[in-house]
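Analysis of the macromolecular model
The chain contents come next:
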Amino acid sequence: MKRRILPLLFLVLSVIFAGGASLPLQSVMLNFAPLPENLLPLVDEKVTGELTDSPQKSLKGEPAYVSLPLYGAIVFGKGSGNRFIFSLSGNSLYFDFEQDGDLSNNQPLSSLPAIKGLFRKTLLSFPPVSVQVSYPDDVVQDYRLAVTCDLENKTFSFVNLGYRVGTIVFLPPEKNLKAAIYDTRPPNGNFNDFGKDFLLLDLNRDGEFDIGSDSSEKVRLAKTLSLAGDIYALEVMDSGEYFDIRQPSAGKQPAGIVAVRYITEKAATQSAELESGFLNGSFQVICSRGPAKFRKGNSCEVFVKNGELALYDSYNRPWIARFIGNPLTPAAVLTSFPSQFRIGFPLEQNLTTDKKEYRPEEKVVFSVQLVGQAKEIYTYFALGDASRQTQPPPKELNKLVFEESKPHLTIKDQAGQVVTEGDAVLKSPDGYQFDWQVPKETVIPDAGALYSAIFSWDTGSFQGVVSGSVQFSIVKGAAAQKPKGKK
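Residues numbered from 1 in each chain as written. Predicted model: local features only at pLDDT ≥ 70, side-chain atom pairs only at ≥ 80, totals over all residues. Heavy atoms only, no water.

Details of the sheet that holds strand S36 (residues 465-474)
Pairing is mixed in the open sheet, where 5 strands are placed in the order S27-S36-S35-S31-S32. With one partner strand each, in any of the chains shown, strand S27 (357-358) and strand S32 (418-423) form the two edges of the open sheet. With 2 bridges connecting them, S27 and S36 associate as parallel partners. Its bridge partner being in S36, tyrosine 358 is matched across the sheet by isoleucine 474. (Pairing = 2+ DSSP bridges. Helix = DSSP H or I, 4+ residues; strand = E, 2+ residues; numbered from the N terminus.)

Encoded structure:
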């Protein structure tokens, strides 16, 4: 398997100059390294799977087992051939490192001794293994994982024990910043799950990453971040091979306008339009003054009505997001002014079906929402394109041509085959919807079939592609008939 060789020019790092000059596009190379002991607390997310009595279809050779084996497979990464099969017999794990389907030519891994009082005898943990995960364009990267098998429940799990680390170059060199990305929540071989994976930054430049609960050196990976009060745009390759970072010019800073409603303790209300800026790694709504009837020592609730955010990606392209507020949930409860509260990413996805079980000819209704930190609901993400203007590019952001991104749904049957897909439609002020009628001729087993719906929404620089999934059952029988005379 070939490794992609980057052009020499691509490997030359740009620098940040002293005196406040902006950072041109810099490509920061990241190298694989096992997690050091002080970073092991990061390993709190695992992937689970099923152990079966039947061999994997791709299995071509097996060793002489001491007992009846169990089989499993670990699948991750976006490239082809990222399926690692293994078998378990007694206390030995046979892992297909070479991905050639032959387990007979690999030295087995022996389970680690159980710690008395902490582990069941049927719970077997194995030493870490190093594999190579392939990505598009012939990129291959090292990955380190550790497998645990649960004989009692016939399941297995694995955790990620490696990360990718590099250096952001500054001038003078003592300002260089060590940075790393850790694949987690869950570990899947991809290093650009924004809002999920961890970005580590050695801000105090002591050579180590502080991952304590209150540390600013461990943050969820975002496409826009703050360093020493400056704002940067980040673009990470899915392989974790490198990331691009750029400091936008002064006229291209993240910003926004948010309409809010204040409710004081005496139920008096007042509306206001507030600015939002990017501070301390997130969008903040600045409440410089409270409502007229607010008295010091009292409290008032702030409800988001609607708003719009704008920021620039690492290619200096503008992105717009629009949202409406949740009228039932306050964004913040304030007791003094000036004050502020957070909105925006990390965004949480919510994909639901109107029922859990369906029959042929019935309609499945999917509802999709993306919710921000103040429980605001996003309805619009779009990339701006000044090149499509007939006149010279305008300075005003709202005069750019923006191309809207919409949530996309893919429905798969029990065998994993795609049965339909398409974009969801904004059906209400705060939610997208996708309808699918189960075909009449659908073949359903006696026990029913478990289908899945996967949605993805490109939010651009706000959080990249946000995805989610939901499962629903299709059972035998005719669709329920509506009573006559009722619509």
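Describing the sheet that holds strand S12 (residues 162-168)
A sheet is described by the order of its strands in space; here 5 strands give the open sequence S2-S12-S13-S14-S15, paired in antiparallel fashion. Looking along the sheet, the strands with just one partner apiece sit at the ends: strand S2 (31-34) and strand S15 (218-220). Strand-to-strand twist of the sheet, defined as the mean angle between neighbouring strand axes without regard to direction, takes the value 30°. (Axes fitted to C-alpha atoms, helices over the stretch in contact; angles between N-to-C directions.)

Description of the packing of aromatic side chains
This structure, assessed with the given rule, holds 27 aromatic pairs. For the ring pair phenylalanine 283 and phenylalanine 462, a centre distance of 6.3 Å and an interplane angle of 25° mean the geometry is stacked. Taken together, the residues span a long stretch of sequence, with phenylalanine 283 in strand S21 (residues 282-287) and phenylalanine 462 in the loop between strand S35 (449-458) and S36 at a distance of 179 residues. Here phenylalanine 283 falls in the buried class, since its relative accessible area comes to 1%. The interplanar angle of 90° and the centroid separation of 5.3 Å between the aromatic rings of phenylalanine 381 and tryptophan 457 together place this pair among those described as edge-to-face. (Phe/Tyr/Trp six-rings, centres within 6.5 Å; stacked < 30°, edge-to-face > 60°. Buried < 20%, exposed > 50% of the residue type's maximum accessible area, 1.4 Å probe, protein only.)

Regarding unusual backbone geometry
A negative phi holds for most residues other than glycine; trans holds for most peptide bonds. Cis geometry is found at the peptide bond from arginine 185 to proline 186, where omega equals -20°. For proline 186, the position within the fold is in the loop between strand S13 (177-182) and strand S14 (198-201). The amide bond that connects phenylalanine 337 to the next residue, proline 338, takes the cis arrangement and shows omega of 0°. Looking at where proline 338 falls in the secondary structure, it is placed in the loop between strand S24 (332-334) and strand S25 (339-343). Phi angles above zero are rare outside glycine, and aspartate 137 is one such case at about 65°. Among the secondary structure elements, aspartate 137 is positioned in the loop between strand S9 (129-135) and strand S10 (139-150).

Quick look at the pattern of salt bridges
Tallied over the full model, the rule gives 8 salt bridges. Ionic contacts of the salt-bridge type, sharing partners, join the residues Lys363, Lys427 and Asp435 into one network. (Salt bridge = Lys/Arg side-chain N within 4 Å of Asp/Glu carboxyl O.)

Side note on the layout of surface pockets
What the largest pocket holds in volume is close to 810 Å³. Asn192, Asp193, Phe194, Val465 and Val466 are the residues nearest the centre of the largest pocket, which is lined by 32 residues in total. Where the lining of the largest pocket is concerned, the elements lending two or more residues are strand S26 (348-353) and S36. Per-element accounting of the lining of the largest pocket gives the leading share, 3 residues, to S36. Among the residues forming the lining of the largest pocket, the class breakdown is 8 nonpolar, 12 polar and 12 charged. Here the second largest pocket defines a volume of roughly 700 Å³. Contributing elements (two or more residues each) for the lining of the second largest pocket: S14, S15, strand S16 (224-227) and strand S20 (269-279). (1 Å grid on protein atoms, 1.4 Å probe; cavity = no way out; pocket = protein on both sides within 12 Å on 5 of 7 lines; lining within 4 Å. Points joined across faces, edges and corners; volume = space filled by probe spheres on them. Nonpolar A, V, L, I, M, F, W, Y, C, P; charged D, E, K, R; others polar.)

Let's talk about the pairing of strand S18 (residues 242-246)
Of all 5 residues making up S18, 5 are buried, and the element is well covered by its neighbours. Residues Tyr242, Asp244 and Arg246 line one face of S18 and the alternating positions Phe243 and Ile245 line the opposite face, and both faces are buried. Here 4 bridges tie strand S1 (residues 26-29) to S18, and the two strands are oriented antiparallel to one another. Looking at the pairing, valine 28 lines up with phenylalanine 243 of S18.

Side note on empty space enclosed by the protein
One pass over the full model with this rule turns up 1 cavity of 30 Å³ or more. Estimates place the volume of the largest cavity at around 40 Å³. Around the largest cavity sit Lys223, Thr224, Ile231, Tyr232, Ala233, Pro248, Lys252, Pro254, Leu311 and Tyr312, which together line it. For the lining of the largest cavity, the secondary-structure elements that each account for two or more residues are strand S17 (230-236) and strand S22 (300-312).

Considering the nonpolar core
Within the largest apolar cluster, 53 residues are counted, with the highest numbers of intra-cluster contacts made by Phe341, Ile343, Phe366, Trp436, Phe462 and Phe472. Those residues in contact with phenylalanine 341, other than ones at most four positions away along the chain, are Val260, Phe283, Gln284, Val285, Cys287, Val302, Val304, Ala331, Ala332 and Ala374. (Core = buried A, V, L, I, M, F, W, Y, C linked by side-chain atoms within 4.5 Å. Contact = heavy atoms within 4.5 Å.)

Points about the side chain of serine 215
Mapped onto the fold, serine 215 is located in the loop between S14 and S15. Here the side chain of serine 215 touches glutamate 217 through a polar contact of 3.0 Å, landing on its backbone nitrogen. (Polar contact = N/O pair within 3.5 Å; in protein donor to acceptor, adjacent residues only side chain to side chain.)

Let's talk about the side chain of threonine 410
Take threonine 410: it is sitting in strand S31 (residues 408-412). Residue threonine 410 is classed as buried on the basis of its relative accessible area of 16%. In contact with threonine 410, other than residues within four places in its own chain, are Val418, Thr420, Glu421, Ser452, Ala453 and Ile454.

What to know about the environment of phenylalanine 434
Position of phenylalanine 434 relative to the elements: it lies in strand S34 (residues 431-437). Overall, phenylalanine 434 belongs to the buried group, its relative accessible area being 8%. Through-space distance from the C-alpha of phenylalanine 434 to that of threonine 353 is 9.6 Å; in sequence the pair is 81 residues apart. With near-sequence residues (within four places) excluded, phenylalanine 434 lies in contact with Val364, Val365, Phe366, Leu409, Ile411, Glu421, Gly422, Asp423 and Ala424.

Keep in mind these numbers describe shape, not what the thing actually does.
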